[in-house]
Amino acid sequence: MEITNVSEYEAIAKAKLPKMVYDYYASGAEDQWTLQENRNAFSRILFRPRILIDVSKIDMATTVLGFKISMPIMIAPTAMQKMAHPEGEYATARAASAAGTIMTLSSWATSSVEEVASTGPGIRFFQLYVYKDRNVVAQLVRRAERAGFKAIALTVDTPRLGRREADIKNRFVLPPFLTLKNFEGLDIGKMDKSDDSGLASYVAGQIDRSLSWKDVKWLQTITNLPILVKGVITAEDARLAVQAGAAGIIVSNHGARQLDYVPATIMALEEVVKAAQGRVPVFLDGGVRRGTDVFKALALGASGIFIGRPVVFSLAAEGEAGVRKVLQMLRDEFELTMALSGCRSLKEITRDHIVTEWDRPRIAPRL
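Residues numbered from 1 in each chain as written. Predicted model: local features only at pLDDT ≥ 70, side-chain atom pairs only at ≥ 80, totals over all residues. Heavy atoms only, no water.

1. Some words on the pairing of strand E6 (residues 124-128)
Move 1: Of all five residues making up E6, five are buried, and the element is well covered by its neighbours.
Move 2: The side-chain alternation of E6 yields two buried faces, one formed by Arg124, Phe126 and Leu128 and the other by Phe125 and Gln127.
Move 3: For strand E5 (residues 103-105) and E6, the ladder comprises three bridges, and the chain directions are parallel. The residue bridging Thr104 from the neighbouring strand is Phe125, located in E6.
Move 4: The handedness of the E6 to strand E7 (residues 151-155) crossover, carried by helix H6 (residues 134-146), is right-handed. (Buried < 20%, exposed > 50% of the residue type's maximum accessible area, 1.4 Å probe, protein only. Helix = DSSP H or I, 4+ residues; strand = E, 2+ residues; numbered from the N terminus. Pairing = 2+ DSSP bridges. Right-handed = clockwise from strand over helix to strand, strands pointing away.)

Following this line, the structure appears as structure tokens:
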């Protein structure tokens, strides 16, 4: 069967992967309301396309933190990619590089920063969890810098792991032939079997629950890399992120895996964009499966988007070729959406190109 859209990879991944692995990638927290809403919310935003505009040439290129990329579609950090495919993060890194876009490597990758750097040139960001042992954090950041990573995406929504019931039922644990490569030899790369989710137990033991804004400041004292704060969904926190010196904000609810019943990221986006007041770029993470979703995020003020699950599902299905295809399909769909909306470049995408539930009616109804 020919794959014609990004969502089709999920069923293929489900058929191929062990249940424990598929469930780990696919599931959300508790009732999984936000998991569904991350997707559904996009369907409540409609287009106001402009016609009779010369769209024979369309430019999707943009810059992120000064780095030129081919399109505003980037790869979010997703953990333990070798559970999906033997080449794991290597394949993802090569696919991102081939597409001319950015890959974010997870702290909990099954390939190290050095290994990913060895795949060749490419713009890469490093996602960071702050461990209780700050020496571990400092060491990790230094290694990412040395390996040529260009920014730190600091995950701020995980003082504790969300309750992912599938992982509890499956007693999730990293398969024995894999390790969290960035922590090998540090005595903390091990995830033991537990009577809960092995990952939840690992997080409880290792990740610092006391993380606060002062630590964002501390991070800036140990690295010159720009820091993206990942996990902001309110205006209040957007303002604090700017004050704390963040170089950018990633609007994310952690793939709906942390606190259930938070809004879809596309619903939280505009609030965050308005609070940032153009002082830092704002990116959207969560629920993007179509080029139309990318356009909607940009119309609401995002500078770009990140995809997570589509990467691991396509990786499971077809390895590097699958990830390349996902990036290409999203690119093609986004280009078509721009053309049919009358936009020739990203700067031509405006708030007037969409209508949302919270917009005032444009024309007063006749009495």
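2. Some details on the UniProt feature "binding site: glyoxylate" (unreviewed entry) in the chain
Move 1: Those residues carrying the UniProt feature "binding site: glyoxylate" (unreviewed entry) are Tyr24, Tyr129, Arg164, His254 and Arg257 in this numbering. Of the annotated set named above, Tyr129 line the largest cavity.
Move 2: Classification of Tyr24 as buried rests on a relative accessible area of 4%.
Move 3: If we ignore the near neighbours within four places in the chain, the residues touching Tyr24 are Ala79, Met80, Met83, Arg164, Asp167, Phe172, Leu199 and Arg257.
Move 4: The residue Tyr129 is located in the loop between E6 and H6 in this model.
Move 5: Setting aside anything within four residues of it in sequence, one finds Tyr129 in contact with Ser107, Trp108, Val137, Thr155, Thr158, Ile207 and His254. (UniProt positions renumbered as here; feature names shortened; annotations may be inferred. 1 Å grid on protein atoms, 1.4 Å probe; cavity = no way out; pocket = protein on both sides within 12 Å on 5 of 7 lines; lining within 4 Å. Contact = heavy atoms within 4.5 Å.)

3. Structural notes on the pattern of salt bridges
Move 1: Here the structure, examined in full by the defined rule, presents 17 salt bridges.
Move 2: For the salt bridge of Glu333 with Arg290, the shortest nitrogen-to-oxygen distance reads 3.0 Å. Residue Glu333 is located in helix H13 (residues 309-341), and its partner Arg290 is located in the loop between strand E10 (282-285) and helix H12 (291-299); the two are separated by 43 residues in the primary sequence.
Move 3: Residue Arg290 is classed as partly exposed on the basis of its relative accessible area, which comes to 35%.
Move 4: Linked by salt bridges that have partners in common, Glu87, Arg94, Glu320 and Arg324 make up one network. (Salt bridge = Lys/Arg side-chain N within 4 Å of Asp/Glu carboxyl O.)

4. What to know about the layout of surface pockets
Move 1: Size it by volume and the largest pocket reaches roughly 610 Å³.
Move 2: Looking at the largest pocket, it is lined by 34 residues, and the ones nearest its centre are Tyr25, His254, Gly255, Arg257 and Arg309.
Move 3: Ranked by residue count, the leading element in the lining of the largest pocket is helix H3 (residues 33-40), at five residues.
Move 4: Across the lining of the largest pocket, the residue classes break down as 14 nonpolar, 12 polar and eight charged. (Points joined across faces, edges and corners; volume = space filled by probe spheres on them. Nonpolar A, V, L, I, M, F, W, Y, C, P; charged D, E, K, R; others polar.)

5. Some remarks on the pairing of strand E11 (residues 304-307)
Move 1: Here E11 shows a buried face lined by Gly304 and Phe306 and a second buried face lined by Ile305 and Ile307.
Move 2: Here strand E4 (residues 73-75) runs beside E11; their pairing, made up of three bridges, is parallel. Pairing of Ile75 across the sheet is with Ile307, part of E11.
Move 3: Here three bridges tie E10 to E11, and the two strands are oriented parallel to one another. Residue Leu284 lies in a different strand from E11, and its bridge partner there is Ile305.

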